[in-house]
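Residue strings, one per chain:
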Amino acid sequence: METLSGGRSCLVAAIAATILLWADIAPAQSAGCALERVAGSSRQIMRCADGVTVTAEGGARFRLVDSNGDGRPDSVSLREKAVLVDVDRARRGNGFQVVTPQAIAAVRGTRWAVDVKNGTTSVFVVRGRVAVGRPSARPTVVLAPGEGVDVSSGSAALTVRRWPQARAAALLARLGQ
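Residues numbered from 1 in each chain as written. Predicted model: local features only at pLDDT ≥ 70, side-chain atom pairs only at ≥ 80, totals over all residues. Heavy atoms only, no water.

1. Notes on the pattern of salt bridges
Consideration 1: Evaluated as defined, the whole model comprises 9 salt bridges.
Consideration 2: The residue Glu57 makes a salt bridge to Arg174 at a minimum N-O spacing of 2.8 Å. Of this pair, Glu57 sits in the loop between strand 3 (52–56) and strand 4 (61–65) while Arg174 sits in helix 2 (residues 165–174), placing them 117 residues apart in sequence.
Consideration 3: The shortest N-O distance in the salt bridge between Asp86 and Arg127 comes to 2.6 Å. Here Arg127 lies in strand 9 (residues 120–127) and Asp86 lies in strand 5 (residues 75–87), a separation of 41 residues in the sequence.
Consideration 4: Assessed through its relative accessible area of 40%, Arg127 is described here as partly exposed.
Consideration 5: Through salt bridges with shared partners, a single network forms among Asp50, Asp70 and Arg72. (Salt bridge = Lys/Arg side-chain N within 4 Å of Asp/Glu carboxyl O. Helix = DSSP H or I, 4+ residues; strand = E, 2+ residues; numbered from the N terminus. Buried < 20%, exposed > 50% of the residue type's maximum accessible area, 1.4 Å probe, protein only.)

2. A word on the state of the cysteines
Consideration 1: Tallied over the entire structure, the rule returns 1 disulfide.
Consideration 2: With its sulfur 2.1 Å from that of its partner, Cys33 forms a disulfide with Cys48. Every disulfide takes its handedness from the sign of the S-S torsion; for Cys33 and Cys48 that torsion is 105°, giving right-handed. Residue Cys33 is found in strand 1 (residues 33–37), and its partner Cys48 is found in strand 2 (residues 44–48); the two are separated by 15 residues along the sequence. Judged on exposure class, the residue Cys33 and its partner Cys48 are both buried. (Disulfide = S-S within 2.5 Å.)

Note that all results are geometric; they support no functional claim without further evidence.
As structure tokens, then:
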């Protein structure tokens, strides 16, 4: 078994990371959301009663946020790896967003993936439309199905691109799609 500095095993570190992730998600469970582990994988799915589903890649660092205190999460704070968000417009009319260090991706009803790695946030739309912008600057861009944008720190203009099939498939595969 591999060891980390100080002689702690990787297993102990993995258990600690899982406990921290569960601590972040636990409040959402009491707010009408249920956590489900995907058998045979390290992915997790959070299903909320109001039509929001968040699928998290194994090892993703995220938490659900209820910023207005109404007992329903209205955003995901994502720090590392990827999530797939599915928002049912008929059940959730007031939108939802994913907030990362580099970007904010917001919708009313759609399905999209957000990936954070190496100081860049990548957003890809499967269905619907998603507005993406930097937390500290405007303007935003609006993505349609099949389009994506890579957002890094700084102030360069955001460029919307149609993602190659291979890139989209690779990201969605990490999320069980």
